[in-house]
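One letter stands for each residue in the lines below.
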Amino acid sequence: MNSESGTEIKANPGATGFIRGVHIVCARELGAMFDSSIAYIYFIAFSLLSVGIFMNDFFIRAVIDMSPYFDLLPLLLAVFIPALTMKIWAEEKRILTFELLITLPLKTSQLSLGKFAALYFFYLLTLCSSLPVVAMLYVLGSPDTGLLISGYVAAALIGAMFISIGIFTSGLTDNQIVAFVISAFFCFIFVVTGSHSTAGIIDGLVPALQAGSFLYDYFSAIPHYCALAGGVLAVSDIFYFAAMAVLFLWFNVLNISGSRV
Amino acid sequence: MIKVWQLSKSFGKNSAVDSIGFNVEPGEIVAFAGPNGAGKSTTLRMLSTYLVPDSGSISIDGFDAVENPLAVRNRIGYMPESNILYEGMRVDRFLKFIAKAHWLSPGQISENLDWVVDKCRLEDVLYKKIYQCSKGYHRRIALAMALIHKPGVLLLDEPTHGLDPLQVLALRDFIKSLKPNRAILFSTHIIQEVTAVCDRMLVINAGKIIAAGTNLELALKAGFAPWAECCLDQFTPAAKNALVELKCGNLIESATKPDGSIEAVIGITQPGLEEELEALVNSGLFSMKSFKTAGIDTESVLAELLRKSPGDEE
């Protein structure tokens, strides 16, 4: 019991307590996002750009599917997600609220997961801005529902991975621009290495190593993304994205815990 | 409540805190005084678990700050020197966030929020965003943040920094009102604060505690000659003899007042004079109407202690 007040000191009890801690951080982050105009500007910019580019392609191709939307998405996300995540830790460090956050009775993993949950929720909300396009496709014809669902699953998974990368890189610095550049660089590498032409160029540099092919097969996100967006919901592809998201979040937890020097 | 033992912290080759140790008991307000850069904030940051000590140990309410930082964080209220507040949040939402992070139930949050809003006088800004509040309110919000879970240990880093004189006086009174059952450690380089609020003082310089004790103890340690002025009744020759033979002081002069009482001035040579006089009162030698110490200029005492400290000689 606390003195004088009789306020009972509660621990951070078990799984329920862990989730409650994550929820507390998540709710604060979401509140902060929607309190500022940045979230709305981001939402409108992403929606207009992604849907706008797709609609242009849609009128040219005149095919009832959303493949061009999902094909374009990784490249767009490699820019938009770092813009979303760049301030998540860097801003806390710059305005010194990092000290406040670290001295709250919450685990570093709760802080990281709470921030991830808020950003992911907002990302999924942004992704929903394309749902009117889905409605339009159903009005105009009969799109492949399975393909649509798998496309959204792929988009949700690659988003989770890029957000984790963004959170990790934001924790490395107190400068948002630096965080954005590093994060965008990482995301681009994961996207660009998934192109056959890039793999060919890298292979050509040192043919004996076959580094381009190696990166394409074992490193890049794009082969996994394309397989999922193409309608094949393989466990290995889902595992790739989940593992990458967990890996970078774990790196973030290690980095933030290490900040208490 | 707060136990610090052999605590050290370096940043690169610079030793910020060098093997310090102290205790703060419940019901005690202890000032951490010293010049800028002496190691006050670094020590408080280690106590708050923000920094990890290089060596030594910190125990708060029986919990080790390194081994069990979450338990320690739940038991302390920490008000850092800089305003580390989420400026974009509304004051009430910010305080509720801090309360939730300390695992308070909805009922406790509501009750404690009302309490800190009242005590820190935040009614006028409760529904404003923090960036819309003045600097004085920023400090009060930071104090409310430290108090929202009613912790048993308060760590306040320069709590009156940036406040106007009236706010400073109000805050000092408020801190004193928090004293029962709480261990309060606050850092300051404003000497009036030390004399106005604290029971004891830890003087730190160049990362080392160079002196610790009450104002009187520190004045004696610094080589000052404080005295006590007391008003005594029933002053008999036996009583005068007892005053001459005091262990903790020397009778300097005594004068008879028109009402027959005696005004005695006693030079203090060691702490414990008041207790010694009270013992004489209890033995029936005389009765004591008043007692007050004088000749302690805390500012000069602190300056003298710092001048004598090894860090200053370097």
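Residues numbered from 1 in each chain as written. Chains lettered and ligands numbered in written order. Predicted model: local features only at pLDDT ≥ 70, side-chain atom pairs only at ≥ 80, totals over all residues.

A. How the structure looks around the confidence of the model for chain A. Predicted confidence across chain A gives a mean pLDDT of 90, with 95% of residues reaching 70 or more. Scored below 50 in pLDDT, residues 1-7 of chain A makes 22 contacts in the model with residues more than four places away or belonging to other chains. (pLDDT = per-residue confidence, 0-100. Contact = placed C-beta atoms within 7 Å.)

B. Spotlight on helix α4 (residues 106-119) of chain B. Residue and element names in this part refer to chain B. Between its first and last C-alpha atoms α4 spans 20 Å; for 14 residues at 1.5 Å apiece the expected length is 20 Å, and the two agree. For α4, the complete set of buried residues consists of Gln108, Asn112, Leu113, Val116 and Val117. The buried residues of α4 occupy one face: seen down the axis, they fall within an arc of 150°. For α4, the exposed residues set more than 90 degrees away from the buried face come down to Gly107, Asp114 and Asp118. If you follow the buried residues of α4, they end up packed against α3 (91-101) and α5 (135-147). Downstream of α4 by one or two residues, Arg121 has phi in the positive range, about 50°. (Helix = DSSP H or I, 4+ residues; strand = E, 2+ residues; numbered from the N terminus. Expected span 1.5 Å × (residues − 1). Buried ≥ 20, exposed ≤ 12 C-beta atoms within 10 Å, placed from the backbone. Arc of directions from axis to C-beta.)

C. Molecular detail of the domain arrangement of chain B. Residue and element names in this part refer to chain B. Domain boundaries in chain B define domain 1 (2-220) and domain 2 (225-294). Here the C-alpha centroids of domain 1 and domain 2 sit 39 Å apart. Taken together, the residues of the side of domain 1 that touches domain 2 sort by class into three nonpolar, no polar and one charged. (Domains from an automatic or database assignment. Nonpolar A, V, L, I, M, F, W, Y, C, P; charged D, E, K, R; others polar.)

D. Region of the structure containing the sheet that holds strand β8 (residues 183-188) of chain B. Residue and element names in this part refer to chain B. One open sheet holds the six strands; their spatial order is β6-β7-β8-β3-β9-β10, and the pairing between them is mixed. The open sheet has two edge strands, β6 (76-79) and β10 (208-213), and neither has a second partner. Between one strand axis and the next, the sheet turns through 15° on average, direction left out of account. Across four bridges, the pairing between strand β3 (residues 28-33) and strand β9 (residues 200-205) is parallel. When the bridges of β9 are listed, Ala33 appears paired with Val203. Sitting on the sheet, helix α11 (residues 298-308) touches β3, β9 and β10, and the angle it makes with β9 is about 35°. (Pairing = 2+ DSSP bridges. Axes fitted to C-alpha atoms, helices over the stretch in contact; angles between N-to-C directions.)

E. View of unusual backbone geometry. All names here are of chain B. Here the phi dihedral of Ser19 falls at roughly 55°; this positive angle occurs in a residue that is not glycine. Looking at the secondary structure, you find Ser19 in strand β2 (residues 14-24). Exposure remark for Ser19: the 14 C-beta atoms within 10 Å place this residue in the partly exposed category. For Lys150, which is not glycine, the phi dihedral falls at a positive 45°. Relative to the helices and strands, Lys150 resides in the loop between α5 and β7 (153-157).

F. Up close: the interface of chain B and chain A. Listed as interface residues are 33 residues of chain B and, on the opposing side, 26 residues of chain A. Counting only elements with at least two residues in the side of chain B that touches chain A, the list comes to α2 (69-75), α3 and α4 of chain B.

G. Region of the structure containing the packing of helix α6 (residues 108-127) of chain A against helix α8 (residues 145-170) of chain A. Residues and elements named next belong to chain A. Relative to each other, α6 and α8 sit at 140°, their axes nearing to 10 Å. By the criterion of interaxial angle, the relationship of α6 to α8 is oblique. For the pair α6 and α8, the sense of crossing is right-handed. Facing α6, whose interface residues are Ser112, Lys115, Phe116, Leu119, Tyr120, Tyr123, Leu124 and Leu127, α8 presents Ala155, Ala156, Gly159, Ala160, Ile163, Ser164 and Ile167. Grouping the constituent residues of the contact of α6 with α8 by class yields 11 nonpolar, three polar and one charged. (Parallel < 35°, antiparallel > 145°, perpendicular 65-115°, else oblique. Left-handed = near helix turned anticlockwise from the far one by under 90°.)

H. Here's a closer look at the environment of Phe241(A). All names here are of chain A. Note that Phe241 resides in helix α13 (residues 235-258). A count of 23 C-beta atoms within 10 Å places Phe241 in the buried class. In this structure, the C-alpha to C-alpha distance between Phe241 and Ala160, residues 81 residues apart in sequence, is 7.5 Å. Ignoring any residue separated from it by four or fewer positions in sequence, one finds Phe241 in contact with Leu157, Ile158, Ala160, Met161 and His224.

I. Highlighting the sheet that holds strand β13 (residues 262-268) of chain B. Residues and elements named next belong to chain B. The strand order across the open sheet built from four strands is β12-β13-β11-β14, with neighbouring strands paired in antiparallel fashion. The open sheet terminates on both sides in strands that have one partner only, identified here as β12 (249-256) and β14 (287-294). Ignoring which end each strand starts from, the neighbouring axes of this sheet average 20° apart. Pairing of strand β11 (residues 227-233) with β13 involves six bridges; the strand directions are antiparallel. Looking at β13, one finds that Cys230 is bridged to Ala264.

J. Quick look at the nonpolar core. Ranked by size, the top nonpolar core spans 167 residues in total, and within it Ile158(A), Met161(A), Leu95(B), Ile141(B), Ala144(B) and Val203(B) carry the most contacts. The two domains that each donate at least three residues to this core are domain 1 (2-220) and domain 2 (225-294) of chain B. Ignoring any residue separated from it by four or fewer positions in sequence, one finds Leu95(B) in contact with Leu113(B), Val116(B), Ala144(B), Met145(B) and Ile148(B). (Core = buried A, V, L, I, M, F, W, Y, C linked by C-beta atoms within 7 Å.)

K. Here's a closer look at α3(B). Of all 11 residues that make up α3(B), nine are buried, and the element is covered over most of its length. Those residues of α3(B) that sit buried are Val91(B), Phe94(B), Leu95(B), Lys96(B), Phe97(B), Ile98(B), Ala99(B), Lys100(B) and Ala101(B). If you follow the buried residues of α3(B), they end up packed against α1 (14-35) of chain A together with α4 and α5 of chain B. Phi for Trp103(B), located one or two positions after α3(B), is positive at around 65°.

L. How the structure looks around the pairing of strand β4 (residues 55-60) of chain B. All names here are of chain B. As judged from the five bridges shared by strand β1 (residues 2-11) and β4, these two strands associate in the antiparallel manner. Of the residues in β4, the one forming a bridge with Trp5 is Ser57. Strand direction decides the pairing type here: β4 and strand β5 (residues 63-64), joined by two bridges, are antiparallel. Note that in β5 the partner of Ile60 across the bridge is Phe63. Between the end of β4 and the start of β5, which pair antiparallel, lie two residues, with Asp61 showing a positive phi angle near 55°.

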